[in-house]
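# Descriptive analysis of the structure
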Amino acid sequence: VEVEGPIHETWPPASHRRIFGDLPQEPVKNGRFEVVSKDPLADADRILRDFARRAFRRAVTDADVKPLLALVESKLAQKLSFEQAVRVGLAAVLVSPDFLFLREKPGTLDEFALAARVSYFLWSSMPDEELLALAAREELGTPAALRAQVDRRRRSPERIPSGSSRRSE
């Protein structure tokens, strides 16, 4: 049995660009391409911060990113390529309790917890960039902003979970 894929019409696909941005790529063996960096630690820091912010559904601190960056740095020291080392850091984010669980403090919800509640209730998915940006600016907690975001999320067809149907309004 031979399996070939994934087959993309263009490379890199949008999902790859959302993580690695516009960093250059160079060919490696078997016709593959990998992301390269002239400043690996700075680029890894930027990539991991952005990815962790979305995955953790909150602002990330230096303390959140430091162990991830140390992991990437150790893989670079072991002569892994930049992309391979960053992928190890990304995998660490995906096995983190901050990603796997909604870790909310008791009491009044903070802005990021509110964004997560709105998004998971309406979409069964993580908050989008607009919700995260409002939470970061502490503008989501007002009744008017919350109502506007609920209406926006309720009307937006782009993130309806598969298998779900929309009720007519």
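Model, not experiment: these values are computed from the prediction. (Residues numbered from 1 in each chain as written. Predicted model: local features only at pLDDT ≥ 70, side-chain atom pairs only at ≥ 80, totals over all residues. Heavy atoms only, no water.)

## Quick word on the overall build of the protein chain
Secondary structure assignment for the protein chain yields 8 helices and 2 strands. Each helix and strand of the protein chain, placed in order from N terminus to C terminus, yields the pattern α-β-β-α-α-α-α-α-α-α. The buried share among the 169 residues of the protein chain stands at 33%. Roughly 11300 Å² of accessible area belongs to the protein chain as shown, and the carbon and sulfur atoms make up 55% of that amount. Looking at the protein chain, you have 27 positive and 26 negative side-chain charges, and the mean spots of the two groups are 4 Å apart. (Helix = DSSP H or I, 4+ residues; strand = E, 2+ residues; numbered from the N terminus. Buried < 20%, exposed > 50% of the residue type's maximum accessible area, 1.4 Å probe, protein only. Areas by Shrake-Rupley, 256 points an atom, 1.4 Å probe, with all protein chains shown as cover. Lys, Arg positive; Asp, Glu negative; His and termini not counted. Charge placed at Lys NZ, Arg CZ, Asp CG, Glu CD.)

## Description of the packing of helix H7 (residues 129–136) against helix H8 (residues 143–155)
H8 packs onto H7 with a crossing angle of 170 degrees between their chain directions and a minimal axis gap of 11 Å. Considering their axes alone, H7 and H8 lie roughly antiparallel with respect to each other. Each of Glu130, Leu131 and Leu134 in H7 lies in contact with H8, whose residues at this interface are Gln149, Arg152 and Arg153. Taken together, the residues that form the contact of H7 with H8 break down as 2 nonpolar, 1 polar and 3 charged. (Axes fitted to C-alpha atoms, helices over the stretch in contact; angles between N-to-C directions. Parallel < 35°, antiparallel > 145°, perpendicular 65-115°, else oblique. Contact = heavy atoms within 4.5 Å. Nonpolar A, V, L, I, M, F, W, Y, C, P; charged D, E, K, R; others polar.)

## Re the nonpolar core
Residues Ile47, Phe82, Val86, Leu90 and Val93 are the most contacted members of the largest nonpolar core, which totals 20 residues. Of all the secondary-structure elements, those providing two or more residues to this core are helix H2 (40–56), helix H3 (62–77) and helix H4 (82–94). Top contributing element to this core by residue count: H2, with 7 residues. With residues up to four places along the chain from it excluded, the contact list for Ile47 reads Ile19, Phe20, Leu23, Phe82, Val86 and Leu90. Among the nonpolar cores identified, the runner-up in size contains 9 residues, and Phe112, Leu114, Leu131 and Leu134 belong to it. (Core = buried A, V, L, I, M, F, W, Y, C linked by side-chain atoms within 4.5 Å.)

## What to know about the pattern of salt bridges
On inspection of all chains with the given rule, the structure shows 15 salt bridges. Salt-bridge contacts for Arg152 lead to Asp128; the nearest nitrogen and oxygen are separated by 2.9 Å. With Arg152 in helix H8 and Asp128 in the loop between helix H6 (111–123) and H7, this pair connects stretches of sequence that are 24 residues apart. Across the salt bridge formed by Arg153 and Asp128, the nearest N and O atoms sit 3.0 Å from each other. Placement of Arg153 in helix H8 and of Asp128 in the loop between H6 and H7 is noted, with a sequence separation of 25 residues between them. By the burial criterion, Arg153 is buried, and Asp128 matches it. Beyond isolated ion pairs, a larger network of salt bridges with shared partners links Asp50, Arg53, Arg54 and Glu129. (Salt bridge = Lys/Arg side-chain N within 4 Å of Asp/Glu carboxyl O.)

## Section: unusual backbone geometry
Of note, the phi angle at Ser124 is positive, near 55 degrees, even though the residue is not glycine. You can see Ser124 is positioned in the loop between H6 and H7. Looking at Ser124, the relative accessible area reads 58%, which means it is exposed. You will see that Glu138, though not glycine, has its phi angle at about 55 degrees, which is positive. With respect to the secondary-structure elements, Glu138 resides in the loop between H7 and H8.

## Some details on the environment of Ala136
Secondary-structure assignment places Ala136 in helix H7. Overall, the relative accessible area of 54% leaves Ala136 in the exposed class. C-alpha separation for the pair Ala136 and Glu111, spaced 25 residues apart in sequence, amounts to 7.4 Å.

## A look at H4
Between its first and last C-alpha, H4 extends 19 Å over 13 residues, near the 18 Å set by a 1.5 Å rise per residue. Listed as buried for H4 are Phe82, Glu83, Ala85, Val86, Gly89, Leu90 and Val93. Summarising the axial view, the buried residues of H4 lie within an arc of 160 degrees, below the 170-degree limit, and thus occupy one face. Along its buried surface, H4 packs onto helix H1 (14–20), strand E2 (33–35), H2, H3 and helix H5 (97–100). (Expected span 1.5 Å × (residues − 1). Arc of directions from axis to C-beta.)

Remember, this is a structural readout, not a statement about activity or role.
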